[in-house]
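Listed below are the residues making up each chain.
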Amino acid sequence: MDECHFCESVGRSDPPEGGWVYSTDRFRAYALPAVSVPGWVVLHTTRHAVGLAGLDEEESRELGIGIQHLSRAMTHLCDTPKIYMFAMADRVPHFHMMLGAAPRTSPGEEGGAALLTRILMKDPTLRDREKSLMVAQQLRDLLKPPM
Ligand SMILES: [Zn+2]
């Protein structure tokens, strides 16, 4: 069987570069190196579960609450009016989705599907690994439960 990047990620004892933005028994979120767009993270199940249909009830409940918390923190941190989300369940046998800051756009400016296409096509003008890791760290600090 091919190696599973997300299983490797879950099994590691040290956090990924930029740290876990969100980490529970069921889900993890972090700044995915393959994306590296500041303000964008991947959220994935810790176990193999293909698509939303593959989630159990507990995962489904946590997903709803988890993406709400992530979205609120990301909206605040990235000073954006909303958070884009997409999930395709391709290539990796874990439910996973990307969440990221929607740009502030004026009528006629690029956003929505055009931006998602550029992210998926790895547009180098959107990528900034250092800033992506910095935003991930800030998100993690924002989501950290109070001591
Ligand atoms: Zn896996």
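Residues numbered from 1 in each chain as written. Predicted model: local features only at pLDDT ≥ 70, side-chain atom pairs only at ≥ 80, totals over all residues.

Can you help me understand the overall build of the protein in this one?
For the protein, the count of helices and strands is four helices and five strands. Starting at the N terminus and ending at the C terminus, the protein contains elements arranged as α-β-β-β-α-β-β-α-α. Computed over the C-alpha atoms, the radius of gyration of the protein is 15 Å, within 12% of the 15 Å expected from 2.2 N^0.38 for a compact globule of 147 residues. For the protein, the spread of C-alpha atoms along the principal axes amounts to about 45 × 40 × 30 Å. The proportion of buried residues among the 147 residues of the protein is 25%. (Helix = DSSP H or I, 4+ residues; strand = E, 2+ residues; numbered from the N terminus. Rg over C-alpha atoms; globule rule 2.2 N^0.38 Å. Buried ≥ 20, exposed ≤ 12 C-beta atoms within 10 Å, placed from the backbone.)

Can you walk me through the nonpolar core in this structure?
In summary, soluble globular proteins display a tendency toward joint burial of nonpolar side chains. Counting residues in hydrophobic clusters, the biggest one holds 22 residues, and the most contacted among them are Ala 29, Tyr 30, Val 41 and Leu 99. Where this core is concerned, the elements lending two or more residues are β2 (27–30), β3 (40–45), α2 (57–77), β4 (83–86), β5 (96–101) and α4 (129–143). Among the elements that take part in this core, β3 stands out by supplying four residues, more than any other. (Core = buried A, V, L, I, M, F, W, Y, C linked by C-beta atoms within 7 Å.)

Any chance you could explain the environment of Asp 123 here in plain terms?
Structurally, the position occupied by Asp 123 is in the loop between α3 (112–120) and α4. In this structure, the C-alpha to C-alpha distance between Asp 123 and Ala 136, residues 13 residues apart in sequence, is 20 Å.

Would you mind showing me how to read the environment of Ala 53 here?
Within the element layout of this structure, Ala 53 appears in the loop between β3 and α2. Here Ala 53 falls in the exposed class, since 8 other C-beta atoms lie within 10 Å of it. Separated by 42 residues in sequence, Ala 53 and Phe 95 place their C-alpha atoms 9.2 Å apart.

Looking at this structure, how should I read the sheet that holds β3?
Backbone hydrogen bonds hold the strands of a sheet together, and the pairing may be parallel or antiparallel. Read from one edge of the open sheet, five strands run β1-β2-β3-β5-β4, paired in antiparallel fashion. The two strands at the open ends of the sheet, each matched to only one other strand, are β1 (22–23) and β4. Relative to the sheet, α2 contacts β1, β2, β3, β4 and β5, its axis offset from that of β5 by approximately 20°. (Pairing = 2+ DSSP bridges. Contact = placed C-beta atoms within 7 Å. Axes fitted to C-alpha atoms, helices over the stretch in contact; angles between N-to-C directions.)

Just to check I follow, could you spell out the packing of α2 against α4 for this structure?
Axis angle and axis distance: for two packed helices, these are the angle between their axes and the distance between the axes, and together they describe the pair. α4 packs onto α2 with a crossing angle of 120° between their chain directions and a minimal axis gap of 10 Å. The orientation of α2 relative to α4 falls into the category oblique. Where α2 crosses over α4, the handedness of that crossing is right-handed. For the pair α2 and α4, contact is made by His 69, Ala 73, Met 74 and Leu 77 and by Val 135, Gln 138, Leu 139, Leu 142 and Leu 143, respectively. (Parallel < 35°, antiparallel > 145°, perpendicular 65-115°, else oblique. Left-handed = near helix turned anticlockwise from the far one by under 90°.)

When you look at the environment of Cys 78 in this model, what are you seeing that I'm missing?
Within the secondary structure, Cys 78 is located in the loop between α2 and β4. When the 20 C-beta atoms within 10 Å are taken as the criterion, Cys 78 is described as buried. Sequence spacing of Cys 78 and Leu 116 is 38 residues, and the spatial spacing of their C-alpha atoms is 17 Å. Excluding residues within four positions of it along the chain, Cys 78 makes contact with Gly 39 and Ala 101.

I would appreciate a short explanation of the confidence of the model for the protein in the present structure.
Atom-level detail of predicted coordinates should not be read off regions where pLDDT is low. Per-residue confidence for the protein gives a mean pLDDT of 90; residues scoring 70 or more make up 95%. Here helix α1 (residues 5–11) stands out as the least confident element of the protein, with mean pLDDT 83; β3 is the most confident, with 96. (pLDDT = per-residue confidence, 0-100.)

I tried to follow the pairing of β2 on my own but got confused; where do I start?
Each regular strand shows side chains that alternate between the opposite faces of the sheet. Going residue by residue along β2, you find Phe 27 and Ala 29 tucked away on one face and Arg 28 and Tyr 30 tucked away on the opposite face as well. Looking at chain direction, β1 and β2 are connected through two bridges and run antiparallel. Bridged to Ser 23 within β2 is Arg 28. Taken together, β1 and the strand that follows it, β2, pair antiparallel across an intervening segment of three residues. Judged from the four bridges that link them, β2 and β3 form a sheet pairing that is antiparallel. Across the sheet, residue Ala 29 finds its bridge partner in β3, namely Leu 43.

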